[in-house]
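Below are the chains, spelled out letter by letter.
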Amino acid sequence: MNARFLGIAELVEAPSVAVVVDVMRAFTVAAWAFAQGAEKIVLAESLDEALALKARHPDWVALKDGPSAPGFDAVNSPGLLRFVDLGGRTVVQKTTAGTVGALAVKEASLVLCASFVVAEATARLLRARECDSVTFVVTGEDGRADEDLACAQYIARRAAEAGTDAAQFLRRAGESRAASELAEGVRQGVHPDDVALCLELDRFPFAMVAALEDSLMVLRPCAVPSLNDGA
Ligand SMILES: O=C(O)[C@H](CS(=O)(=O)O)OP(=O)(O)O
Ligand SMILES: [Mg+2]
């Protein structure tokens, strides 16, 4: 597989296949939202758009990163979201890096949103679709966030060879600036378990596919056949 790793600002043309990586915390949170029963996640362009969507659909759950704010129902924390029943709900998510990265590749023919908790399912979907050229979007810190780059490199390796060991990639993510900032209370809207939850390898068996639906970028879980199913 031909893999390239780009920051959001380096995306000059729409890739064919994009894997948008945000370990801490947008796409760990998104996976937890699906685990808690959410039907879909609308990725909002701005806080104003998130609030406008919420106003139009009062039953939707509006989620932002940083501290909570009027009009929003939840923050971008897996540790907090794992206790929320989202059965059948639509979540609207707006964050600094992850959602921006996904919206930057909305013209791609296949967009996967990923983190360590869905790494194997993401790699397996890339294999199943026989994707031989994949652009990994490293969303954090202008493409230099090591938790995102490590996860992207791990998924790329797993997509090419099933035997890759995750330990060194998880160690890099655990030593990243984002992990330190979350642990030290620099970031807001944080639960003490957030870093550990973001480093849980393959916590969930699904990948996450984003696609345009009526001009909104919508993220949905995607079941991936397990190895035992012959994939
Ligand atoms: O929620 C996060 O961890 C970050 C935003 S900040 O760095 O905490 O302000 O957003 P994300 O888009 O999930 O990287
Ligand atoms: Mg991030």
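Look up: the structure comes first, before these words.
Report on the accompanying structure. (Residues numbered from 1 in each chain as written. Chains lettered and ligands numbered in written order. Predicted model: local features only at pLDDT ≥ 70, side-chain atom pairs only at ≥ 80, totals over all residues. Heavy atoms only, no water.)

**Re the side chain of Asp 22**
By the secondary structure assignment, Asp 22 is in the loop between strand S2 (17-21) and helix H1 (26-35). One buried charged residue, Asp 22, forms no salt bridge at all, with the nearest opposite charge on Arg 187 at 6.6 Å. Within the structure, the side chain of Asp 22 is placed 2.8 Å from the backbone nitrogen of Gly 98, a separation counted as a polar contact. With residues up to four places along the chain from it excluded, the contact list for Asp 22 reads Phe 27, Thr 28, Ala 97, Gly 98, Ala 114, Ser 115, Thr 139 and Asp 148. (Helix = DSSP H or I, 4+ residues; strand = E, 2+ residues; numbered from the N terminus. Buried < 20%, exposed > 50% of the residue type's maximum accessible area, 1.4 Å probe, protein only. Lys, Arg positive; Asp, Glu negative; His and termini not counted. Salt bridge = Lys/Arg side-chain N within 4 Å of Asp/Glu carboxyl O. Polar contact = N/O pair within 3.5 Å; in protein donor to acceptor, adjacent residues only side chain to side chain. Contact = heavy atoms within 4.5 Å.)

**Things to note about the site of ligand 1**
Around ligand 1, the surrounding shell consists of Asp 22, Met 24, Arg 25, Ala 26, Asp 65, Asn 76, Thr 95, Thr 96, Ala 97, Gly 98 and Arg 187. Ala 97 places a polar main-chain atom, nitrogen or oxygen, 2.8 Å from an oxygen atom of ligand 1. About the coverage of ligand 1: the protein hides 84% of its 360 Å² of free accessible area. Split into classes, the residues belonging to the shell around ligand 1 amount to 3 nonpolar, 4 polar and 4 charged. (Near = heavy atom within 4 Å. Areas by Shrake-Rupley, 256 points an atom, 1.4 Å probe, with all protein chains shown as cover. Nonpolar A, V, L, I, M, F, W, Y, C, P; charged D, E, K, R; others polar.)

**A few points about the coordination of the magnesium ion (ligand 2)**
Between any two of four tetrahedral donors, the ideal angle at the metal is 109.5 degrees; between two of six octahedral donors, it is 90 or 180 degrees. Protein coordination at the magnesium ion (ligand 2): the donors are Asp 22 (OD) and Met 24 (O), at 2.2 to 2.3 Å from the metal. Just as Asp 22 is buried, Met 24 falls in that class too. (Donors = N, O, S within 2.8 Å, 3.2 Å for Na, K, Ca; no water.)

**What about the sheet that holds strand S10 (residues 216-223)?**
The strand order across the open sheet formed by 10 strands is S1-S8-S2-S7-S9-S10-S3-S6-S4-S5, and the pairing between neighbours is mixed. At either margin of the open sheet sits one strand with a lone partner, and together these are strand S1 (2-6) and strand S5 (74-75). Examined bridge by bridge, strand S3 (residues 40-43) and strand S6 (residues 90-94) share 4 bridges and lie parallel to one another. By the bridge assignment for S6, Ile 41 is matched with Val 91. Sitting on the sheet, helix H2 (residues 47-56) is in contact with S3, strand S4 (61-64), S6 and S10, with an inclination near 165° to S6. (Pairing = 2+ DSSP bridges. Axes fitted to C-alpha atoms, helices over the stretch in contact; angles between N-to-C directions.)

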